[in-house]
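# Observations on the three-dimensional arrangement
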Amino acid sequence: MCPGERGKRRRPGAASRTALAVRRSPPRGSLDPEDATRGRTRRWSGVSDTTGAPPTPTAPGPKAGAGAAARPGRPPLLSFALASLMEEVQAHSGAIYLLAAGEPVLEIAVTAGLPRAFVAPWERVGLSTPIPVAEAVRERRLVWVGGEEEMARRYPRISVVLPYPFALAAVPVATADTVYGALYVTWPGSHPTVLSDRERTELTAAADRLAKRLARSARQQRPLRAEPDLPAAPPSGVAGTMGTVEAARMVGRLPYGLISLDLHGRIAFANSAAADLLGVQVADLLGTQPWVSVPWLNDPMYEDRYRAALISQHVTSFVALKPPGDWLSFRMYPSTTGLTTRISRARAVAEMVGALPRADAVPGSRLVTISQLLSLAGALTEAVGVQDVVQLVADEVAPAVGSQALVILGSRGGRLHVLGQRGYDDPRTVERFDGLPLAERTPGTHVLNTGVPAFFESKQQLERLYPGRDDTPDGFAAWAYLPLIASGRPVGTCVLAYAEPHVFPADERAVLTSLGGLIAQALERALLYDAKNQLAHGLQAALLPHSLTPPPGIEAAARYLPAMHGMEIGGDFYDLVPTRPLAAAVIGDVQGHNVTAAGLMGQIRTGVRAFTTVGQAPEEVMRSTNRLLIDSGADLFASCLYLRLDPERGRAVMARAGHPPPLLRRPDGRVRVLDLAGGPLLGIDAEATYPTTEVSLAPGSVLALYTDGLVESPGVDIEDALVDLGELLAENGGQPLDKLADTLVRHSAAAQERVDDVAVLLLRACPDG
């Protein structure tokens, strides 16, 4: 008897048959080819966990893996422990994860009850992954998920791939000071939504026993070899399937088709009626999956139904069109060893039950297939801002689920706020909910406060539960209210409205709940992005001058454009300091376009203003600013161009620190690049000097100062870019400065692509100066 049976006899079941298969240790040649490809040895380790932080690998422990036979003469420890546990709690499937050596990663060591392909996306997962087994290890506790709606709400990543009714429990495999991994088991959808005390006790006891055995193996330095997975072996041959030859003959005389599928979906038996209905010879069906051997069944929806039947252990049916116009009905009867599928003409079935096949059973009309869900999940990851999320839900999610209108509500400051809506003819209908306190009794606040979605199939149903709802009619007849929960906190509510009364069956509710989880994650990222973007714009606006106050005889205009990638904040800056008797102008570029660069830019601009105000000469201002940057301890460099303006004498004295040379447009329209003396970038050499150059600034002249983002772009020669900029300045230099500034940034190829920030400062000597 299995360890822990304590002398009592158990009812034989799937797990007992699995345990028997483990004891027999099938020979290597009998392994499934899919399992054989995983016949490699892995090294596992336990981890110390004394601080409560996510565990990290320590000393090497036992070896394990999937797909190879156990070492001869030694019991398959993991397989035996998993099979025994499944028998104790009458579970349907399960798996054991062990921590990989040297990294915080869980890997499946052995599975039982279902093909490993069902859990392929989670065969190797990080400890921070939001799935039950990782959570069980992180928090050192049993994690229980009572059904598909709870799975969709708490773990939408799993529900997207497996949107079926089943219950799951995950338990850490750990001693007092070392975590070795975790195990999980699942039950069909008929399992109660609450885990019984007996089941909880059996689960934790089994995990403790396994942890002690792994600890003993580690102390004794006995490596644990890879073990085969334990899906029950399907019967082979007609006699094995039907019991007797006469029973097989009886099945052959039935007017409808019968096929038997193993756990991997392969056909182990098919009668002649099934072959006739499918249009494929029996010999061509055996050993194949129906969605592979039957061309018109090659649709993800049909494989999805097979998975749904196996995982939920519920009878599952669908209708498929056999070209050119024959509708066939498929009804799947699952067990722990596979599926028996009955095939008949849909018309005959309709006549027998007095009703036509349900419309939602027709391929293409099902709510959302797995492939659609994955596509929608991928699309939601591309949404950047909140309005992107609203638009994406309106364009892709709402049509996929048959909704005609939607509202996205956000939660902030204890109130609901309308983030966006589509499909409502009168926006005032939605605006009434803006600013609604979360304490108010409405469907939107209720689902957000409880985290439980609400579905209203008719207007009468909604108004019966919320009598005040008839004061705000919206013209729709059914609604789905989905709580948007991300990172464990509510971020809003998604309301989907339907033009006609709409029934929400269990599978549709699970899919909608899963979509709510995906929308919540996208909305959380979008809200964070918008907040950062708003912060960036506010910071940039605070660091740059709100207006320019040029001295008498000088006109000025400026433009700033952030890079198109990143936080839309950068280190480019400009300023005009109206000191007397001589004013000063400066433009510069701190390395990078992020908050650090912007903060350093603010320090440089403030320093330049201070040094100018105390009367330092241009070369001294540059030296002082250079020392300021070096003394700040920043690892960033900055280019800078500083000039002292003397409009009365028509002169400008300039000092340059690694900055692009300015352009000067003379009154006659000719443009030249000013070749200025200068020094290195600011922040490199504390002893650097910055010689000055005096430039004539005749009345009507235009001086164009800019940062390299205006002229530098990938694949464009800097000399060619300067020539193009000079031609723009020559042709448009007579325009008002504001218009000229717009022209320069609008027609510059580099400014259009904006891989870097762009700053432009234009100065014109007034003709009447």
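Our subject is the structure listed above.
We now turn to the structure provided with this report. Throughout, a residue's number is its position along its own chain's written sequence, starting from 1. Confidence filtering applies because this is a predicted model: local features only for residues at pLDDT of at least 70, side-chain atom pairs given and counted only at 80 or more, and all residues used for totals across whole chains, interfaces and linings. Remark: hydrogens and water are excluded; side-chain values derive from all non-hydrogen atoms of the structure.

### Comments concerning helix H18 (residues 443–450)
Each residue gets one of three labels from its accessible area relative to the maximum for its type: buried under 20%, exposed over 50%, partly exposed in between, using a 1.4 Å probe on protein chains only. Starting at the N terminus, helices and strands are each numbered in turn, a helix being any DSSP run of H or I of at least four residues and a strand any DSSP run of E of at least two. Those residues of H18 that sit buried are Pro 443, Gly 444, Thr 445, Val 447 and Leu 448. Note on contacts: a residue pair is in contact if any heavy atoms of the two residues lie within 4.5 Å. For H18, the secondary structure elements touched by its buried residues are strand S14 (405–412), strand S15 (415–422), strand S16 (454–456), helix H19 (459–465), strand S17 (478–486) and strand S18 (489–498). Looking one or two residues past H18, Gly 451 carries a phi angle of roughly 75 degrees, positive in sign.

### Observations regarding the environment of Arg 580
Along the polypeptide, Arg 580 turns up in the loop between strand S20 (572–577) and strand S21 (583–590). The class for Arg 580 is exposed, based on a relative accessible area of 75%. For the pair Arg 580 and Thr 613, spaced 33 residues apart in sequence, the C-alpha separation works out to 9.0 Å.

### What to know about the packing of aromatic side chains
In this analysis, rings of Phe, Tyr and Trp, with Trp reduced to its six-membered ring, are considered paired at centre separations within 6.5 Å, and the interplanar angle assigns stacked below 30 degrees, edge-to-face beyond 60, and tilted for intermediate values. By the definition in use, this model includes 11 aromatic pairs. Ring plane angle 40 degrees and centroid distance 5.0 Å describe the contact between Trp 291 and Tyr 306, whose orientation is recorded as tilted. One end of the pair, Trp 291, is in helix H12 (residues 290–293); the other, Tyr 306, is in helix H13 (residues 300–312), with 15 residues separating them in the sequence. For the pair shown, Trp 291 and Tyr 306 are each scored as buried.

### Quick notes on the sheet that holds S16
By this definition, two strands are paired if DSSP reports at least two bridges between them. Strand order in the open sheet made by the 5 strands is S15-S14-S18-S17-S16, with antiparallel pairing throughout. This sheet does not close on itself; its edge strands, each paired only once, are S15 and S16. Across the sheet, the mean angle separating the axes of adjacent strands is 20 degrees when strand polarity is ignored. For S16 and S17, the ladder comprises 3 bridges, and the chain directions are antiparallel. Counted as the bridge partner of Phe 456 is Trp 479 from S17. To define axes, lines are fitted to C-alpha atoms, for helices over the stretch in contact only, and angles between the resulting N-to-C directions are given on a 0 to 180 degree scale. Strands S14, S15, S16, S17 and S18 of the sheet are contacted by H18, whose axis makes an angle of about 140 degrees with S18.

### Thoughts on the nonpolar core
Across soluble globular proteins, nonpolar side chains show a tendency to be buried alongside one another. Side-chain atoms within 4.5 Å link the members of a nonpolar core, which is a set of buried Ala, Val, Leu, Ile, Met, Phe, Trp, Tyr and Cys residues. Counting 60 residues, the largest nonpolar core has Leu 106, Trp 122 and Phe 330 as the members making the most contacts within it. Among all residues touching Leu 106, those that are not within four sequence positions of it are Tyr 97, Leu 98, Leu 99, Glu 123, Arg 124, Val 125, Leu 127, Val 133, Ala 134, Val 137 and Gly 181. Counting 49 residues, the second largest nonpolar core, distinct from the first, contains Val 590, Leu 705, Ala 759 and Leu 763.

### So, the environment of Gln 591
Mapping Gln 591 onto the fold places it in the loop between S21 and helix H21 (595–613). The class for Gln 591 is partly exposed, based on a relative accessible area of 41%. Along the backbone, Gln 591 and Asp 635 are 44 residues apart, and their C-alpha atoms lie at a distance of 9.4 Å. In this structure Gln 591 touches Ala 597, Asp 635, Leu 636 and Phe 637, once residues within four positions along its chain are discounted.

### Overview of the sheet that holds strand S9 (residues 257–261)
Ordered in space as S10-S9-S13-S12-S11, the 5 strands form an open sheet in which the pairing is antiparallel. The sheet terminates laterally at strand S10 (267–270) and strand S11 (316–322), the two strands that pair on one side only. The sheet shows a mean angle of 25 degrees between the axes of neighbouring strands, direction not considered. Looking at chain direction, S11 and strand S12 (residues 326–335) are connected through 7 bridges and run antiparallel. If you follow Leu 321 over to S12, its bridge partner there is Trp 327. Relative to the sheet, H13 contacts S11, S12 and strand S13 (338–345), its axis offset from that of S11 by approximately 165 degrees.

### Thoughts on the pairing of strand S28 (residues 702–706)
The buried count for S28 comes to 5 of 5 residues, which makes it a mostly enclosed element. Every second residue of S28 is oriented toward a common face, with Val 702, Ala 704 and Tyr 706 on one face and Leu 703 and Leu 705 on the other, all of them buried. Examined bridge by bridge, strand S24 (residues 663–665) and S28 share 3 bridges and lie antiparallel to one another. In the strand pairing of S28, Leu 663 is matched with Ala 704. Pairing between S28 and strand S29 (residues 758–765): 5 bridges, direction antiparallel. Across the sheet, residue Val 702 finds its bridge partner in S29, namely Arg 764.

### A word on the pairing of S10
By the bridge criterion, 3 bridges tie S9 to S10 in an arrangement that is antiparallel. From the neighbouring strand, Leu 261 faces S10, where its bridge partner is Ile 267. Adjacent in sequence and paired antiparallel, S9 and S10 are bridged by 5 residues, among which Gly 265 carries a positive phi angle near 85 degrees.

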